[in-house]
Amino acid sequence: MMYSLLIVDDERWVRQGLVSTIDWQAEGIEVLGDVEDGEEALKFIQSHIPDIIITDIKMPRMDGLTFIETLKNANLSSKIIIISGYSEFSYAQKAMRFGAVDYVLKPIEETLMLDVVRKCIEQIKREREDHHEFVQMSESIRESLPLARQRYLETLLTNESASNQYSRTVWDRLNIPLDPHHLKVIIVKVYDWGLHEQNPKEHYLLRHAIGNFAKETVKMIGKMITCPLHDHEDADLALLISPLNEADHWSEQGTWETLITACWRHLGIGINIGMSHKSEITKLHASFQDAIQASAYAFYDGYGKVYAAEGKEKPPSWPLQTYSQPNGWMTRFIHAVKLGDDGALQALIDELFTHLQLHREKCSPLLLRKGLTSLFSEIEKKLWTSYSSEPNANLKSFILPYFALPELKDVLRAIVLKFQIGDSTSGNRKRFIELAVKYMEEHYTEQLTMNRVAEHLFLNPSYFSKLFHEKMGETFSKYIIRLRVNKAKELLKDSTLKIYEVAEQVGYQDFRHFVKLFKEQEGMTPAQYRDRGV
């Protein structure tokens, strides 16, 4: 690496001697020029800032001291070496106080000058290394800051005692761009991973993708920080938001419904959203629980919606903190499954449904769903003992999907069919298909795949495909096309929706693909169908 040098002295022979007698090239130094006083030097420096300046003290117009002081005030980083006579020694000392590196007495000895020059070079090297290290450290801090923020916020959200341990100072030090006194916690729960169900690595990426969509969704109404939660049972993502102004636009349903739509359309996943009351930094844990409790109302009223804590206060009539099954229900249910007693099973499912409905007034939806999940987890363990020797035992599961309480009977019936002895009988296979068709009728507007329907029925996709073709006389893909086209025909006939809007209504985001399928099915385009008024 080359270093640059400027020589400032009013005596030409001194300047020429310094330029010619020292092998600057060998020292890795390029002499940029030589000038006769401080004023010329300042003009020179405007276009070329040297690494090292050698300057005399006594010079006309602008002397060395004034020159050095001017450089100091301009915050230039050039290293300055003073040359002076014995009579000017006190001036040299003053120049050192102004920041000069060292001085060399006249007459100048080459070895002494080189020693001082090399001292300057060592200083420059150290400063450049320190600067490089500082830049790297700054980059590292800048890169790790989001992670540090996330860990801090996750602690505040999930640790009840965190507000006592983590002071406002940490909030400020992490430069969190939210008002700590005006906050709201939004939680996002993925209830349907779609095609990504079996790939946890994709779940990690999708949580971050949801966060990016959320930032775009709320950027006009508030400031927000996202906090993906990769190991939390009740939330996949927490969003902390504070408003841009005093108006409470941050809680508008439409804003968050837009996020739900975007996630389904672009990511192929179903999300549910819960919103807390207004909060502040010391109450974030309570607000987080607030949002989770609000989101849990999906168990009563359906998933894929926005649930706000406002208006869903805990009723005084919620005395229970846990849900317990009807007396002896689990034993009776397991016995009926083993016997394949369809009548008894239906009666037991009806009994459980009625019991759950009664408990809506006694405990929160979150506790009710958790109690139900725990109940069937215990049932699964007991049934495994009975079915562990069967070839397809690995397919039998009582892990409950996300469903609303009104769907309980259909969901349990689909699961029970997997456990009944003789579940390959014609009657049970027919029931599977009935449940599949019902599910398709309810979800044909979504990204409905054969794997998703099979998963809903707790069936192996290959087995379901074979069973569906056998019972319906056509493949799953042809049936869903026919179903959607028939629904499209109804819309074309009974509504004024545009063709692309009809396509979206029946589950096709690709307008051209919809037109192609419609024409293959009906022998005409959707527009021709509407014009003919068939």
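What you see is a predicted model, and the numbers here were worked out from it, not measured in a lab. (Residues numbered from 1 in each chain as written. Predicted model: local features only at pLDDT ≥ 70, side-chain atom pairs only at ≥ 80, totals over all residues. Heavy atoms only, no water.)

### Observations regarding the sheet that holds strand β7 (residues 222-228)
Here's step 1: Taken in spatial order, the five strands line up as β7-β8-β6-β9-β10 in an open sheet, and their pairing is mixed. This sheet does not close on itself; its edge strands, each paired only once, are β7 and β10 (306-308). With direction set aside, neighbouring strand axes in the sheet form an average angle of 20°.
Here's step 2: Across three bridges, strand β9 (residues 270-279) lies against β10 in parallel orientation. Paired with G274 across the bridge in β10 is Y307.
Here's step 3: Along the sheet, helix α8 (residues 200-218) contacts β6 (183-192), β7, β8 (237-243) and β9; its crossing angle with β7, the most-contacted strand, is approximately 175°. (Pairing = 2+ DSSP bridges. Helix = DSSP H or I, 4+ residues; strand = E, 2+ residues; numbered from the N terminus. Axes fitted to C-alpha atoms, helices over the stretch in contact; angles between N-to-C directions. Contact = heavy atoms within 4.5 Å.)

### Notes on the environment of L356
Here's step 1: Its location among the elements puts L356 in helix α13 (residues 342-359).
Here's step 2: Taking the relative accessible area as the measure of exposure, L356 reaches 0% and is therefore buried.
Here's step 3: Counting along the chain gives 49 residues from L356 to L405, while the straight-line C-alpha distance between them is 8.3 Å. (Buried < 20%, exposed > 50% of the residue type's maximum accessible area, 1.4 Å probe, protein only.)

### Observations regarding the packing of helix α2 (residues 38-45) against helix α3 (residues 64-73)
Here's step 1: At their nearest, the axes of α2 and α3 sit 9 Å apart, and the two run at 30° to each other. By the angle between their directions, the pair α2 and α3 is classed as roughly parallel. Along this stretch, α2 crosses α3, giving a crossing that reads as right-handed. Note on element contacts: α3 touches α2 through F67, T70 and L71, opposite G38, A41, L42 and I45.
Here's step 2: Here the residues of the contact of α2 with α3 are counted per class, giving five nonpolar, two polar and no charged. (Parallel < 35°, antiparallel > 145°, perpendicular 65-115°, else oblique. Left-handed = near helix turned anticlockwise from the far one by under 90°. Nonpolar A, V, L, I, M, F, W, Y, C, P; charged D, E, K, R; others polar.)

### A closer look at the environment of T155
Here's step 1: Tracing the backbone shows T155 in helix α5 (residues 110-158).
Here's step 2: By relative accessible area, T155 is classed as partly exposed at 21%.
Here's step 3: Spatially, the C-alpha atoms of T155 and H285 are 8.6 Å apart, while their sequence positions differ by 130 residues.
Here's step 4: At 2.8 Å, the side chain of T155 and the backbone oxygen of R151 are in polar contact. (Polar contact = N/O pair within 3.5 Å; in protein donor to acceptor, adjacent residues only side chain to side chain.)

### Let's talk about the environment of A291
Here's step 1: Checked against the element boundaries, A291 lands in helix α10 (residues 284-295).
Here's step 2: When the C-alpha positions of A291 and S276 are compared, they lie 4.4 Å apart, and in sequence the two are 15 residues distant.
Here's step 3: Ignoring sequence-local partners within four residues, the contact set of A291 consists of V185, I187, G274, M275 and S276.

### Regarding unusual backbone geometry
Here's step 1: For the peptide bond that leads from K106 to P107, omega is -10°, which places it in the cis range.
Here's step 2: Of note, P107 is situated in the loop between β5 (102-105) and α5.
Here's step 3: At R61, a residue that is not glycine, the phi angle is positive and equals roughly 60°.

### Here we look at the confidence of the model for the chain
Here's step 1: Across the chain, pLDDT averages 83, with 88% of residues at or above 70.
Here's step 2: Across residues 389-395 the pLDDT falls below 50, and counting only partners more than four positions away or on other chains, this stretch makes eight contacts in the model. (pLDDT = per-residue confidence, 0-100.)

### Some thoughts on the pairing of β6
Here's step 1: With respect to burial, β6 is a largely interior element, nine of its ten residues being buried.
Here's step 2: As paired elements, β6 and β9 share eight bridges and run antiparallel to each other. Looking at the pairing, L183 lines up with S279 of β9.
Here's step 3: For β6 and β8, the ladder comprises five bridges, and the chain directions are antiparallel. Across the sheet, K184 pairs through a bridge with I241, a residue of β8.

### Brief notes about the pattern of salt bridges
Here's step 1: Tallied over the full model, the rule gives 27 salt bridges.
Here's step 2: Here D234 ties to K370 by a salt bridge, and the two come within 3.2 Å at their closest N and O atoms. Of this pair, D234 sits in the loop between β7 and β8 while K370 sits in helix α14 (residues 365-387), and the two are 136 residues apart along the sequence.
Here's step 3: Accessibility expressed as a relative area gives 17% for D234, which makes it buried.
Here's step 4: For K370, a relative accessible area of 27% puts it in the partly exposed group.
Here's step 5: In this structure, the salt-bridge partner of E441 is K487, at a minimum N-O distance of 3.3 Å. In this pair, E441 sits in helix α16 (residues 426-443) while K487 sits in helix α19 (residues 476-494), placing the two residues 46 residues apart along the sequence.
Here's step 6: The exposure class assigned to E441 is partly exposed, which follows from its relative accessible area of 33%.
Here's step 7: Bridged by salt links that share partners, the residues D9, E11, D56 and K106 form one connected network. (Salt bridge = Lys/Arg side-chain N within 4 Å of Asp/Glu carboxyl O.)

### Concerning the packing of aromatic side chains
Here's step 1: A full pass over the atoms with the stated rule returns 16 aromatic pairs.
Here's step 2: Measuring from centroid to centroid gives 5.9 Å for F333 and F376, while their planes differ by 90°, and the two rings are edge-to-face. With a gap of 43 residues between them, F333 in helix α12 (residues 329-339) and F376 in helix α14 connect regions that are remote in the sequence.
Here's step 3: The exposure class of F376 is buried, given its relative accessible area of 0%.
Here's step 4: Chaining the aromatic ring pairs together yields one cluster made of Y297, F299, Y300 and F403.
Here's step 5: R360 extends its terminal NZ or CZ atom over the ring of Y300, reaching a point 4.1 Å from the ring centre. (Phe/Tyr/Trp six-rings, centres within 6.5 Å; stacked < 30°, edge-to-face > 60°. Lys NZ or Arg CZ within 6 Å of the ring centre and 35° of its normal.)

### Section: helix α9 (residues 253-267)
Here's step 1: Its 15 residues place the ends of α9 21 Å apart at the C-alpha level, agreeing with the 21 Å of an ideal helix rising 1.5 Å per residue.
Here's step 2: Listed in full, the buried residues belonging to α9 are T255, W256, L259, I260, A262, C263, W264 and L267.
Here's step 3: G268 lies just past α9 and shows a positive phi near 70°. (Expected span 1.5 Å × (residues − 1).)

### Details of a negative patch on the surface
Here's step 1: Taken together, the side chains of E122, E129, D130 and E133 present a region of like negative charge at the surface.
Here's step 2: Its relative accessible area of 53% is what places E129 among the exposed residues. (Patch = residues over 30% accessible without salt bridge, like charges linked within 9 Å, V, L, I, M, F, W, Y side chains within 5 Å. Areas by Shrake-Rupley, 256 points an atom, 1.4 Å probe, with all protein chains shown as cover. Lys, Arg positive; Asp, Glu negative; His and termini not counted. Charge placed at Lys NZ, Arg CZ, Asp CG, Glu CD.)

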